[in-house]
Protein chains: 2
Amino acid sequence: MTIIVQKFGGTSLTTAEKRNLAAIQVEKAVKSGKKVVAVVSAMGRHGDPYATDSLLSLIDSPDSMPDQHQALLLSCGETISAAVFSSVLHEIGLKASVITGREAGIHTDRVLNASITKVNPEPILKEFASSQVVVLTGFQGMSPFGEVSTLGRGGSDATACAIAAALDAEACQLFTDVEGIMSGDPSVIYNTSIVDRISYDEACHIAYQGAKVIHPKAIEWARSNKVPLWTGALDGESGTWITERHQNGGPIQSVTAVNHLVQVIVNSQDCDRVFTRVAQAEISIDLISIQPNEVKFTVDKADAFKLKEILLRAGFPYTFKENVSKIALIGERMAGKPGITSSIVSLLTKHDIKIWQTADSHMTFWILTDQHSSAAAQQLLHYFFIESGAEDLSNA
Amino acid sequence: MTIIVQKFGGTSLTTAEKRNLAAIQVEKAVKSGKKVVAVVSAMGRHGDPYATDSLLSLIDSPDSMPDQHQALLLSCGETISAAVFSSVLHEIGLKASVITGREAGIHTDRVLNASITKVNPEPILKEFASSQVVVLTGFQGMSPFGEVSTLGRGGSDATACAIAAALDAEACQLFTDVEGIMSGDPSVIYNTSIVDRISYDEACHIAYQGAKVIHPKAIEWARSNKVPLWTGALDGESGTWITERHQNGGPIQSVTAVNHLVQVIVNSQDCDRVFTRVAQAEISIDLISIQPNEVKFTVDKADAFKLKEILLRAGFPYTFKENVSKIALIGERMAGKPGITSSIVSLLTKHDIKIWQTADSHMTFWILTDQHSSAAAQQLLHYFFIESGAEDLSNA
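Residues numbered from 1 in each chain as written. Chains lettered and ligands numbered in written order. Predicted model: local features only at pLDDT ≥ 70, side-chain atom pairs only at ≥ 80, totals over all residues. Heavy atoms only, no water.

Brief notes about the relation of the copies chain A and chain B
Link 1 in the chain: Mapping chain A onto chain B calls for a rotation angle of 179° and an axial translation of 0.0 Å; the resulting RMSD is 0.1 Å. Accordingly, the operation relating the two chain copies is best matched by a two-fold axis. For chain A, the minimum C-alpha distance to the rotation axis belongs to Cys 76 of chain A and amounts to 2.8 Å.
Link 2 in the chain: Taken as a fraction of all interface residues of chain A, those also at the interface in chain B reach 100%, which identifies the copy contact as same-surface. (Least-squares fit on C-alpha atoms with pLDDT ≥ 70 in both. Contact = heavy atoms within 4.5 Å.)

Side note on the domain arrangement of chain A
All names here are of chain A.
Link 1 in the chain: Domains assigned within chain A are domain 1 (3–243) and domain 2 (254–395).
Link 2 in the chain: One C-alpha centre belongs to domain 1, the other to domain 2; they are set 34 Å apart.
Link 3 in the chain: Taken together, the contacts link 15 residues of domain 1 with 21 residues of domain 2.
Link 4 in the chain: In this assembly, domain 1 packs against domain 2 so that about 1,400 Å² is buried in total across both faces, 55% of it on carbon and sulfur atoms.
Link 5 in the chain: Our count for the contact surface shared by domain 1 and domain 2 stands at 0 salt bridges.
Link 6 in the chain: Considering each element in turn, the side of domain 1 that touches domain 2 owes the most residues, 4 residues, to helix 6 (residues 200–208).
Link 7 in the chain: Residue composition of the side of domain 1 that touches domain 2, grouped by class: 5 nonpolar, 7 polar and 3 charged. (Domains from an automatic or database assignment. Buried area = accessible area lost by both parts, 1.4 Å probe. Salt bridge = Lys/Arg side-chain N within 4 Å of Asp/Glu carboxyl O. Helix = DSSP H or I, 4+ residues; strand = E, 2+ residues; numbered from the N terminus. Nonpolar A, V, L, I, M, F, W, Y, C, P; charged D, E, K, R; others polar.)

Focus on the nonpolar core
Looking at soluble globular proteins, one finds that nonpolar side chains tend to be buried together.
Link 1 in the chain: With 170 residues, the main nonpolar core has Phe 85 of chain A together with Phe 85 of chain B as its most contacted residues.
Link 2 in the chain: Ignoring any residue separated from it by four or fewer positions in sequence, one finds Phe 85 of chain A in contact with Phe 8, Leu 13, Arg 19, Ala 22, Ala 23, Val 26, Ala 38, Val 40 and Val 135 of chain A. (Core = buried A, V, L, I, M, F, W, Y, C linked by side-chain atoms within 4.5 Å. Buried < 20%, exposed > 50% of the residue type's maximum accessible area, 1.4 Å probe, protein only.)

What to know about the interface of chain A and chain B
Link 1 in the chain: On the side of chain B, 30 residues touch chain A, which itself brings 30 residues to the contact.
Link 2 in the chain: Both sides together, the interface formed by chain A and chain B hides about 2,500 Å², and carbon and sulfur atoms give 68% of it.
Link 3 in the chain: Scanning the region where chain A abuts chain B turns up 2 salt bridges.
Link 4 in the chain: Notably, a salt bridge pairs Arg 102 of chain A with Glu 103 of chain B, separated by 3.5 Å at the nearest N-O pair.
Link 5 in the chain: Summed over the shared surface of chain A and chain B, the number is 10 residue pairs in polar contact (both at pLDDT 80 or more).
Link 6 in the chain: Residue assignment for the side of chain A that touches chain B shows that the elements contributing at least two residues are helix 2 (52–56), helix 3 (67–91) and strand 3 (96–99) of chain A.
Link 7 in the chain: In terms of residue count, the dominant contributor to the side of chain A that touches chain B is helix 3 of chain A (12 residues). (Polar contact = N/O pair within 3.5 Å; in protein donor to acceptor, adjacent residues only side chain to side chain.)

Overview of the layout of surface pockets
Over the atoms a probe the size of a water molecule is rolled, and this reveals where empty space is left.
Residue and element names in this part refer to chain A.
Link 1 in the chain: In this structure, the second largest pocket occupies an estimated 1,100 Å³ of space.
Link 2 in the chain: The wall of the second largest pocket is formed by 36 residues, among which Lys 7, Ser 41, Arg 153, Gly 154 and Gly 155 lie closest to the centre.
Link 3 in the chain: Breaking the lining of the second largest pocket down by element, the ones donating at least two residues are helix 2, helix 3, helix 5 (155–166) and strand 9 (171–176).
Link 4 in the chain: Of the residues assigned to the lining of the second largest pocket, the class counts are 11 nonpolar, 17 polar and 8 charged. (1 Å grid on protein atoms, 1.4 Å probe; cavity = no way out; pocket = protein on both sides within 12 Å on 5 of 7 lines; lining within 4 Å. Points joined across faces, edges and corners; volume = space filled by probe spheres on them.)

Description of the sheet that holds strand 6 (residues 133–137) of chain A
Residue and element names in this part refer to chain A.
Link 1 in the chain: Ordered by their spatial adjacency, 8 strands build an open sheet running 3-6-2-1-9-11-12-10, and the pairing between neighbours is mixed. Of all strands in the sheet, those with a lone pairing partner are strand 3 and strand 10 (197–199), marking the two edges. Each neighbouring strand pair of the sheet contributes to a mean axis angle of 20°, computed without reference to strand direction.
Link 2 in the chain: When strand 3 meets strand 6, the two strands line up parallel, connected through 4 bridges. Residue pairing for strand 6: Val 98 is matched across the bridge by Val 135.
Link 3 in the chain: Across the face of the sheet, helix 6 comes into contact with strand 10 and strand 12 (239–243) while running at roughly 85° to strand 10. (Pairing = 2+ DSSP bridges. Axes fitted to C-alpha atoms, helices over the stretch in contact; angles between N-to-C directions.)

Overview of the pairing of strand 14 (residues 285–291) of chain B
Link 1 in the chain: By the bridge criterion, 5 bridges tie strand 14 of chain B to strand 15 (residues 294–300) of chain B in an arrangement that is antiparallel. Each residue of the ladder has a partner; that of Ile 285 of chain B, found in strand 15 of chain B, is Val 299 of chain B.

Points about the pattern of salt bridges
Link 1 in the chain: Inspection of every chain in the model, using the stated rule, returns 16 salt bridges over all chains.
Link 2 in the chain: Lys 7 of chain A is paired through a salt bridge with Asp 157 of chain A; the nearest N and O atoms lie 2.8 Å apart. On the criterion of sequence distance, the pair formed by Lys 7 of chain A in strand 1 (residues 3–8) and Asp 157 of chain A in helix 5 is long-range, its members being 150 residues apart. Here Lys 7 of chain A and Asp 157 of chain A have matching classes, each one buried.
Link 3 in the chain: A salt bridge links Glu 27 of chain B to Lys 31 of chain B; the nearest nitrogen and oxygen atoms lie 3.8 Å apart. You can see Glu 27 of chain B and its partner Lys 31 of chain B sitting in helix 1 (residues 16–31), 4 residues apart, about one turn around the helix.
Link 4 in the chain: A relative accessible area of 66% places Lys 31 of chain B in the exposed class.

Topic: helix 6 of chain A
Link 1 in the chain: Buried residues of helix 6 of chain A: Tyr 200, Glu 202, Ala 203, Cys 204, Ile 206 and Ala 207 of chain A, and no others.
Link 2 in the chain: Looking at the buried positions of helix 6 of chain A, the neighbouring elements they touch are strand 10, helix 7 (216–224), strand 12, strand 13 (254–266) and strand 16 (318–330) of chain A.

Describing the packing of aromatic side chains
Residue and element names in this part refer to chain A.
Link 1 in the chain: The full count for this structure, using the stated rule, is 13 aromatic pairs over all chains.
Link 2 in the chain: Aromatic pair Phe 8 and Phe 175: ring centres 5.0 Å apart, planes at 10°, arrangement stacked. Within this pair, whereas Phe 8 is found in strand 1, its partner Phe 175 is found in strand 9, the two being separated by 167 residues in sequence. The pair formed by Phe 8 and Phe 175 is uniform in burial state, with each residue classed as buried.
Link 3 in the chain: Between the NZ or CZ atom of Lys 321 and the centre of the ring of Trp 356, over which it lies, the distance is 3.7 Å. (Phe/Tyr/Trp six-rings, centres within 6.5 Å; stacked < 30°, edge-to-face > 60°. Lys NZ or Arg CZ within 6 Å of the ring centre and 35° of its normal.)

Regarding the sheet that holds strand 13 (residues 254–266) of chain B
The pairing of strands in a sheet comes from backbone hydrogen bonds and takes either a parallel or an antiparallel form.
Residue and element names in this part refer to chain B.
Link 1 in the chain: Here 6 strands make up an open sheet; going across it, the order is 14-15-13-16-18-17 and the pairing antiparallel. Lying at the two open borders of the sheet, with one neighbouring strand each, are strand 14 and strand 17 (357–360). When strand polarity is set aside, the average angle formed by the axes of neighbouring strands in this sheet is 25°.
Link 2 in the chain: Strand contacts of helix 9 (residues 304–314): strand 13, strand 15 and strand 16 (318–330), with the helix running at about 130° to strand 16, the strand carrying the most contacts.

Some thoughts on helix 9 of chain B
All names here are of chain B.
Link 1 in the chain: If you check which residues of helix 9 are buried, you get Ala 304, Leu 307, Ile 310, Leu 311 and Ala 314. Viewed along the axis of helix 9, the buried residues span an arc of 120°, placing them on a single side of the element. Counted as exposed and oriented over 90 degrees from the buried face of helix 9: Phe 305, Leu 312 and Arg 313.
Link 2 in the chain: In this structure, the buried residues of helix 9 make contact with strand 13, helix 8 (271–280), strand 15 and strand 16.
Link 3 in the chain: Residue Gly 315 follows helix 9 closely and has a positive phi angle near 75°. (Arc of directions from axis to C-beta.)

Digging into the pairing of strand 12 of chain A
Residues and elements named next belong to chain A.
Link 1 in the chain: Counting buried positions along strand 12 gives 4 out of 5 residues, so the element sits mostly inside the fold.
Link 2 in the chain: Relative to strand 12, strand 11 (residues 229–233) is paired through 4 bridges, and the arrangement is antiparallel. Each bridged residue has a counterpart across the sheet, and for Gly 232 the counterpart in strand 12 is Gly 239.

What about the confidence of the model for chain A?
Atom-level detail of predicted coordinates should not be read off regions where pLDDT is low.
All names here are of chain A.
Link 1 in the chain: In this model, chain A carries an average pLDDT of 89, and 96% of its residues clear a pLDDT of 70 or more.
Link 2 in the chain: In the model, residues 392–396 has pLDDT below 50 throughout and makes 9 contacts with residues more than four positions away in sequence or in other chains.
Link 3 in the chain: Across the whole predicted complex the pTM is 0.79, and at the interface the ipTM reaches 0.71. (pLDDT = per-residue confidence, 0-100.)

Comments concerning the environment of Thr 358 of chain B
All names here are of chain B.
Link 1 in the chain: Within the secondary structure, Thr 358 sits in strand 17.
Link 2 in the chain: By relative accessible area, Thr 358 is classed as partly exposed at 38%.
Link 3 in the chain: For the pair Thr 358 and Gly 105, spaced 253 residues apart in the sequence, the C-alpha separation amounts to 45 Å.
Link 4 in the chain: Excluding its chain neighbours within four sequence positions, the residues that come into contact with Thr 358 are Phe 365 and Trp 366.

Now the structure itself:
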């Protein structure tokens, strides 16, 4: 039995027309001899009556409500979606059954904002005895006490990838309203393209980098069982395959950026005490560089004021550089490749773009620059490394 | 432990304001030392997004959808309602838990349009160990195979009455948007009043008579365990108690009418063959009177054309009297009371209102009259028997 998992996001199920397109994808897979698990999110986005946010907005003060009642309420969004989608599948003649996350054996660690801890594939395999398609409610699971639970943001992706791993599926396809993973942000960079193939690691790095592709946790589930992951548009025409092997080609797959950051430089030999204070205030920091008399890091603009107070009270001399942007170049083949750093520095310097700080891991190179230079920097880097496929300046 | 069951209909839960009024009723009961089962319907009516009809309208062709998927979809209406209402109860400081019909041990005979077959009170009693209020989804149960099932129309009333009987509740209150059971149809009769107290039998007869009060099945459940039943407005100010004992006073509690009927007279000695043909065509008939050479009965206007064809084809001579109205006078104390028939006939004859047919059971007297005389007849009968409290014409 060859199983494929297809996940349809909320915006792919909003209208009857879109649900029909989704059903065609399922039909295609069934016609090619596969059993399909169709994971569905709640229909629509905020404002649509059955979207998760809309259900939550029916409550005046969610905080005074027991978690399990809230999970029960939220879970209705996907249950409605699953029943509606199964009816569309029946209309085109497919034998579909419906199963909720709780019934499907998706175990989670708690009731709200839960993470999947274990998946038991038996209930779905049992359904396949009599069904071509099992419609599974995404975003839901079972709490340690057997109650309905709901996952955190991106929960339906996690459901799809976890169930694909548990069923040893041939592939896990995530249908959304975007065309796949892009080589850069199309609102900033000309000539971006869809990345055809990328590695799990690269996709994780892009996700952690703030691009709203797939939740890193979901990718982890697919990787754990080497399930090929695909994300793309509802018509199936364009998308990105995420597998163990990255694409051949240049060292850089994608250029992304996070704006509205503040670079903080604290002049102190007692960096231990600095970080303790920051941690106590639950401020998340990034791009950390420690030197004998100085520590540097970035914080989100929203945390900057709070951080200033802490540093002042503790008596640390500091400098804040506001409106900086953290650009990331991501690509597995960058690792160990000489000349990348040199090329980046030459390219940006030649165009008078200031580099305030850099950092690198084996597959990501980060550059901190002024926010007003960020778009130009992304464009230059994208052109050089991706469009022209160059690897060092001598090829430019 | 004194338990009271309070059922809140869909229109009593549509807005935050109404949900607060409903919560006040629950609070009152808790403050008087009772444990409360709050049975909730889906919020709102057709057009409101979470109403049962609206959920069903998400499906293009419900018939091609497996029953259990449809039940699952429909059940979301009450689940949303229950979670939302429990949050309102929590906000005013009540300890409420939520339980679905399936979890609550409400067994039904099938998946859709089901009837309740058995109720196990244990799951709710268990909840009361830690909760003041158990919010129970109405209209839902568990199919013989353990699936979610949904009841027929008026299902939440049935849930409330059945659970009240199983828990041996002190009372079962059905809060709706009407003020109670009326002595007649206020759109036809002046000076109707709310009936304060009525017997289970009388309420059943009124319900069977087409007045949309409470489903007869629901009343049966309350009667089975002698649970006093109350129906009335959300503010609790006006309503009707339905118990074993009827009200003291006149013999008639309520005047109702069903319009758009056709009286059929078939001249045949072979009444067996007439009824067999009618039954085969699945036409429902009423007010049946059999005489040696003639059978009379009424049918709904919608079935008249079909019936004509059947009678013609079978070669039975017939007469159709269109636009007749069937008035019912309902009251338990009418049984065995001499002079009622005489009073009715005198009263209507004196006012030139034609009586085409009558029938009577121990607590209902039916009169078939022309539809254009129906309002006047109802008004006269209501005035004579209810407003002036008379029993025979000599008192008039």
